[in-house]
Amino acid sequence: MTTTERRTVSGGRSMKVRSAAAEASIKLLEYDNKPVPQWLRDVAAGKDSAPPADNR
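Residues numbered from 1 in each chain as written. Predicted model: local features only at pLDDT ≥ 70, side-chain atom pairs only at ≥ 80, totals over all residues. Heavy atoms only, no water.

Points about the overall build of the chain
1) Next: Across its full length, the chain holds two helices and zero strands.
2) Next: Taking all 56 residues of the chain together, the buried fraction comes to 16%.
3) Next: A total accessible area of about 5,000 Å² is found for the chain, and carbon and sulfur atoms account for 52% of it. (Helix = DSSP H or I, 4+ residues; strand = E, 2+ residues; numbered from the N terminus. Buried < 20%, exposed > 50% of the residue type's maximum accessible area, 1.4 Å probe, protein only. Areas by Shrake-Rupley, 256 points an atom, 1.4 Å probe, with all protein chains shown as cover.)

Description of the pattern of salt bridges
1) Next: If you walk through the whole model with that rule in mind, you get two salt bridges.
2) Next: Here R41 makes a salt bridge to E30, at a shortest N to O gap of 3.5 Å. Of this pair, R41 sits in helix α2 (residues 38-44) while E30 is found in helix α1 (residues 11-31), placing the two residues 11 residues apart along the sequence.
3) Next: Residue R41 is classed as partly exposed on the basis of its relative accessible area of 34%. (Salt bridge = Lys/Arg side-chain N within 4 Å of Asp/Glu carboxyl O.)

Let's talk about the side chain of S19
1) Next: Residue placement: S19 occurs in helix α1.
2) Next: Judged by its relative accessible area of 12%, S19 is buried.
3) Next: If near-sequence neighbours (up to four positions away) are discounted, S19 is found in contact with V43 and A44. (Contact = heavy atoms within 4.5 Å.)

Things to note about the nonpolar core
A general trend in soluble globular proteins is that nonpolar side chains are found buried together.
1) Next: Core analysis: the largest hydrophobic core is formed by six residues, namely A22, I26, V36, L40, V43 and A44.
2) Next: Among the secondary structure elements, those contributing two or more residues to this core are α1 and α2.
3) Next: Take this core: its biggest share by element is three residues, from α2.
4) Next: Here L40 is in contact with A22, S25, I26 and L29, once residues within four sequence places are set aside. (Core = buried A, V, L, I, M, F, W, Y, C linked by side-chain atoms within 4.5 Å.)

Structure representation (structure tokens):
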């Protein structure tokens, strides 16, 4: 496979990766005694959620 060929990604795996990354982020925030946003907890729970849009 070259870098110009399209790669196939299964839908289930990407949600597992997002969930694992969210869980790691939650643990780091809790360790630092910082608040954890609800959308991050939703992603860790496997719900398809997106972070809020920046209001800049």
